[in-house]
Amino acid sequence: MTSHGQVGGTVSAERGSMSRLLVWAAPDEVSERSVRLSLRRWMSRCGDGFDRVADTWSQPVQGAVRGAVVASSGPEAVQALDLERPGVVLGRPAPELAPVALLLPGEGAQHHRMAVGIYRHDPVATEAIDEVLDLMGAEGDRVRADWLAEAPLLSPHHPMRALPMVFAVDYALAKVLLAWGIRPGVLVGQGVGELAAAVLAGVVSLPDAVDMLVAVAFELLAAPAGGALAVAAGAAEAAPHLDREVSLAADNGPGQIIVSGVDGALRRTEQSLRAVGISCMRVRAEAAYRSNVAVPACDAGMDALRGKLLRPPTWPLLSTTTAAPVSAEEATDPAFWAYQASRPVRLRETLNLLFAGGGYRCITAGPGQGLASLVRRHVAVATGASSVSSLLCARPRNADDDRRTVLAEAARLWASGYPVDLEQVHRLA
Amino acid sequence: MSPVSLSDLVSILAECGSADAAVPLTDDVLDEPFYDLGYDSLLLLQAAELVLQRHGVDVPEEVLDLAETPRMLLELVDRCGRGALV
């Protein structure tokens with residue numbers, strides 16, 4: 001071993017072509033390069049012993065300069081470790097780390113087989129997802145079967161699939177981050193992500209949250225057929241062109257809103273917007289979420305949540321429904337949670353409020369990258385005062401891509417100095 | 001129909017992202033995924049509509065969906081312009 005870096009070692013079972021996280025550290029940049037070079041040399045000689053090398057380089061090490069790489073084979077690691085064109089994550093832990101804002105996406109973020117690569121691979125995520133689905137009884141089994149199926153019976157965008165699965169994946173990924181030792185300074189959820197945030201903040205128990213969610217999803221099936229439209233305009237600009245049966249579902253940013261409503265009204269709105277040159281497109285929503293159409297579903301949610309124990313948040317919780325911190329009074333009012341599904345998501349104002357409070361290291365824990373791309377467009381992120389990254393990628397090509405992106409986030413967090421329990425990270429295997 | 005150059009496409013994308021603070025597209029980000037640059041499918045649709053308006057090149061939504069990076073988008077716009085993709 002080199003004298004410049006310290007490495008520990010363990011041996012674990014064969015993991016096939018699974019992505020692995022390798023880490024190293026050194027006192028300064030020059031010795032970091034030499035550690036990396038020796039890892040590269042070792043890796044290029046290892047032949048099919050990639051897992052053995054990965055095991056040896058998996059342990060936390062000391063040093064002012066940190067490096068990490070995610071790879072699933074020796075040749076891939078060798079390429080990433082190239083000194084001239086590095087595909088590795090390098091960092092120098094700063095004395096002051098920006099607080100973490102945990103962002104949980106909502107309905108609309110779902111896609112076919114989202115996050116399946118971590119299920120039955122990460123014990124924390126697996127337990128969390130099973131916990132949610134087991135609480136749904138027989139329907140939970142059907143949700144799981146459809147989620148994992150190449151050809152599901154119900155589309156991932158069906159309310160009884162999208163709502164529980166986005167909730168479950170958000171909750172599971174947040175649990176993974178917590179298990180790594182990340183302590184968010186604030187939780188922010190969009191749509192069902194806000195309910196997941198409420199569970200994480202101790203406001204509502206998981207069984208009560210799932211009961212409410214299922215009641216809402218079930219009742220939405222009886223609502224008139226509807227959907228949502230993403231509109232490339234601000235709320236004020238788009239307002240004159242909306243059909244009267246279409247309303248604002250989400251204010252995502254200065255140049256993007258989502259409107260929702262029943263199908264016919266949405267089509268009329270689409271035509272009016274196009275006629276004045278405003279771009280719009282249907283989004284993956286098979287219900288008129290966040291509109292008056294959802295009120296009967298919210299009534300059902302209210303019936304499910306009434307009388308249940310609700311507590312003030314034990315963690316700072318920013319509501320995208322009110323664009324304000326959730327007060328103790330709001331948190332303990334079942335109507336506050338039950339009727340969110342009929343009120344617009346005020347993401348633009350919520351992000352303004354969040355970033356007015358200082359710089360944040362935002363992590364989106366949930367499917368896709370839609371929320372991350374909206375956050376990335378905020379001026380606070382564009383100017384570098386805050387940053388954002390995601391635990392999952394927008395378009396995983398295969399299940400290992402899910403594991404790779406989760407590990408890549410662990411790599412970034414560790415390299416920039418966040419306390420990350422690497423033993424926990426390596427449980428993703 | 002007029003050919004769409006890289007600089008045409010970059011300025012169209014910048015125009016679409018101008019309401020927000022989307023990452024400016026410089027040479028070194030042409031192979032970055034659009035999501036990492038703050039561009040989502042709605043911004044790309046806006047860009048495709050401007051490409052059609054100004055250059056007469058029609059990039060259908062399902063083709064647009066294949067463009068993961070600015071360079072891939074340029075390639076797809078070029079193919080659509082040459083009628084190589086319908």
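For the structure, see preceding data.
The rules behind these values
Residue indices follow the written sequence of each chain, beginning from 1 at its first position. All chains are assigned letters beginning with A, and all ligands numbers beginning with 1, in the order in which they are written. Per-residue local features of the predicted model are confined to residues with pLDDT of at least 70, and side-chain atom pairs are confined, for both listing and counting, to 80 or more; whole-chain, interface and lining totals are unaffected and use all residues. Side-chain numbers come from the whole structure's heavy atoms, not from hydrogens or water. Helix numbers and strand numbers start at the N terminus; a helix is a DSSP run of H or I with at least 4 residues, a strand a run of E with at least 2. It is over C-alpha atoms that the radius of gyration is taken, and the globule rule equals 2.2 Å times the number of residues to the power 0.38. Burial here depends on accessible area, computed with a 1.4 Å probe over protein chains only, as a share of the maximum for the residue type. Under 20% is buried, over 50% is exposed, and the range in between is partly exposed. Note on contacts: a residue pair is in contact if any heavy atoms of the two residues lie within 4.5 Å. All accessible-area figures derive from a Shrake-Rupley calculation using a 1.4 Å probe, and residue coverage is judged against the displayed protein chains alone. In this tally Asp and Glu are treated as negative and Lys and Arg as positive; neither His nor the chain ends contributes. Lysine's charge is taken at NZ, arginine's at CZ, aspartate's at CG and glutamate's at CD. Two strands pair under a simple rule: DSSP has to find at least two bridges between them. Two parts placed together each lose some accessible area under a 1.4 Å probe, and the buried area is that loss summed for both. What makes a salt bridge here is a side-chain nitrogen of Lys or Arg within 4 Å of a carboxyl oxygen of Asp or Glu, nothing more. Here a polar contact means two N or O atoms within 3.5 Å. Within protein one must be a hydrogen donor candidate and the other an acceptor candidate, and residues neighboring in sequence count only if both atoms are side-chain atoms. Each residue gets one label: Ala, Val, Leu, Ile, Met, Phe, Trp, Tyr, Cys and Pro are nonpolar, Asp, Glu, Lys and Arg are charged, and the others, such as Gly, are polar. All axes here are fitted lines through C-alpha atoms, helices being fitted over the stretch that makes contact, and every angle between N-to-C directions spans 0 to 180 degrees. Among buried residues, the Ala, Val, Leu, Ile, Met, Phe, Trp, Tyr and Cys ones that are joined through side-chain atoms within 4.5 Å form a nonpolar core. Expected span of a helix: the number of residues minus one, times 1.5 Å.

(A) Looking closely at the overall build of chain B. A tally of helices and strands in chain B yields four helices and zero strands. Put simply, chain B runs from its N terminus to its C terminus through helices and strands in the order α-α-α-α. Computed over its C-alpha atoms, the radius of gyration of chain B comes to 12 Å, within 12% of the 12 Å expected for a compact globule of 86 residues. Dimensions of chain B, computed from the C-alpha atoms along their principal axes, are close to 30 × 20 × 20 Å. Out of the 86 residues belonging to chain B, those deemed buried represent 48%. Restricting to contacts in chain B with at least 6 residues of sequence separation, those with at least 24 account for 62%. Per element, the accessible surface of chain B, about 4,300 Å² overall, is 52% carbon and sulfur. Each charge class in chain B can be summarised by its mean position, and for the 4 positive and 17 negative side chains these summaries are 9 Å apart.

(B) Looking closely at the pairing of strand E6 (residues 226–231) of chain A. Residues and elements named next belong to chain A. Along E6, six of the six residues are buried, which leaves the element largely enclosed by surrounding structure. Burial along E6 is two-sided: the residues Gly226, Ala228 and Ala230 and Gly227, Leu229 and Val231 are all buried. In this sheet, strand E8 (residues 256–262) lies alongside E6 in antiparallel orientation, the contact comprising six bridges. Looking across to E8, one finds that Ala228 is bridged to Ser260.

(C) Structural detail: the sheet that holds strand E11 (residues 324–325) of chain A. Residues and elements named next belong to chain A. Read from one edge to the other, the open sheet built from six strands follows the order E11-E10-E5-E4-E12-E13, with strand pairing classed as mixed. Here the strands that pair on one side only, and so sit at the sheet edges, are E11 and strand E13 (387–390). In the sheet, strand E5 (residues 186–189) pairs with strand E10 (residues 317–319) via three bridges, with the strands oriented parallel. Within E10, the position partnered with Leu187 by the bridge is Leu317.

(D) Molecular detail of the interface of chain B and chain A. The partner chain A presents 22 residues to the 21 residues of chain B that form the contact. When chain B packs against chain A, close to 1,700 Å² is buried across both sides, 55% of that on carbon and sulfur atoms. With a shortest N-O distance of 3.7 Å, A:Arg395 and B:Asp65 are connected by a salt bridge. Seen at the junction of chain B and chain A, the total is seven residue pairs in polar contact (both at pLDDT 80 or more). Sorting elements by how many residues they give to the side of chain B that touches chain A places helix H2 (residues 41–55) of chain B first, with six residues. Grouping the amino acids of the side of chain B that touches chain A by side-chain chemistry returns 11 nonpolar, three polar and seven charged.

(E) Focus on helix H11 (residues 295–305) of chain A. Residues of H11(A) that are buried: A:Ala297, A:Cys298, A:Ala300, A:Gly301, A:Met302, A:Ala304 and A:Leu305. Phi turns positive one or two residues past the end of H11(A), at A:Gly307, with a value near 85°.

(F) View of the pairing of strand E7 (residues 246–253) of chain A. Residues and elements named next belong to chain A. Across the eight residues that make up E7, a large majority, six, are buried. Taken together, the six bridges between E7 and E8 define a ladder with antiparallel strand orientation. Looking at the pairing, Ser247 lines up with Ser260 of E8.

(G) The arrangement of the environment of A:Pro184 in detail. All names here are of chain A. If you trace the backbone, Pro184 turns up in the loop between helix H6 (159–180) and E5. Note on Pro184: relative accessible area 6%, which makes it buried. Along the backbone, Pro184 and Trp315 are 131 residues apart, and their C-alpha atoms lie at a distance of 8.4 Å. With sequence-adjacent residues up to four places away left out, Pro184 is seen in contact with Val100, Leu102, Leu178 and Trp315.

(H) Layout of the sheet that holds strand E3 (residues 89–91) of chain A. All names here are of chain A. Overall, antiparallel pairing links the three strands, which are arranged E1-E2-E3 in an open sheet. In this open sheet, the two edge strands, each paired with only one partner strand, are strand E1 (20–26) and E3. Each strand axis lies, on average, 15° off the axis of its neighbour in the sheet, ignoring direction. The sheet contact formed by E1 and strand E2 (residues 65–71) spans seven bridges and is antiparallel.

(I) Focus on the side chain of A:Gln190. Residue and element names in this part refer to chain A. Its location among the elements puts Gln190 in the loop between E5 and helix H7 (192–200). Classification of Gln190 by relative accessible area gives buried; the value is 14%. With near-sequence residues (within four places) excluded, Gln190 lies in contact with Leu104, Pro105, Gly106, Asn252, Thr320, Val345, Leu347, Leu371 and Leu374.

(J) Layout of the nonpolar core. All names here are of chain A. Ranked by size, the top nonpolar core spans 142 residues in total, and within it Leu21, Phe167, Trp180 and Trp337 carry the most contacts. With 16 residues, H6 is the single largest residue contributor to this core. Excluding its chain neighbours within four sequence positions, the residues that come into contact with Trp180 are Leu391, Val406, Glu409, Ala410, Leu413, Pro419, Val420, Asp421, Gln424 and Val425. Core analysis: the next-biggest nonpolar cluster, separate from the first, contains 18 residues, Ala26, Cys46, Ala71 and Ala80 among them.

(K) H2(B), seen in detail. Residues and elements named next belong to chain B. An ideal rise of 1.5 Å per residue puts 21 Å on 15 residues; H2 measures up with 20 Å between its terminal C-alpha atoms. Listed in full, the buried residues belonging to H2 are Leu42, Leu43, Leu44, Leu45, Gln46, Ala47, Ala48, Leu50, Val51 and His55. Looking at the residues trailing H2, positive phi occurs at Gly56, about 70°.

(L) Just the pattern of salt bridges, in detail. Residue and element names in this part refer to chain A. Per the stated rule, a full pass over the model turns up 34 salt bridges over all chains. The partner of Asp51 in a salt bridge is Arg20, with the nearest N and O atoms 2.8 Å apart. With Asp51 in helix H2 (residues 50–56) and Arg20 in strand E1, this pair connects stretches of sequence that are 31 residues apart. Each member of the pair, Asp51 as well as Arg20, is classed as buried. For the salt bridge of Arg40 with Asp82, the shortest nitrogen-to-oxygen distance reads 3.8 Å. You can see Arg40 sitting in helix H1 (residues 29–45) and its partner Asp82 sitting in the loop between helix H3 (74–80) and E3, a full 42 residues away along the chain. The network of salt bridges with common partners includes Asp130, Asp134, Asp141 and Arg144.

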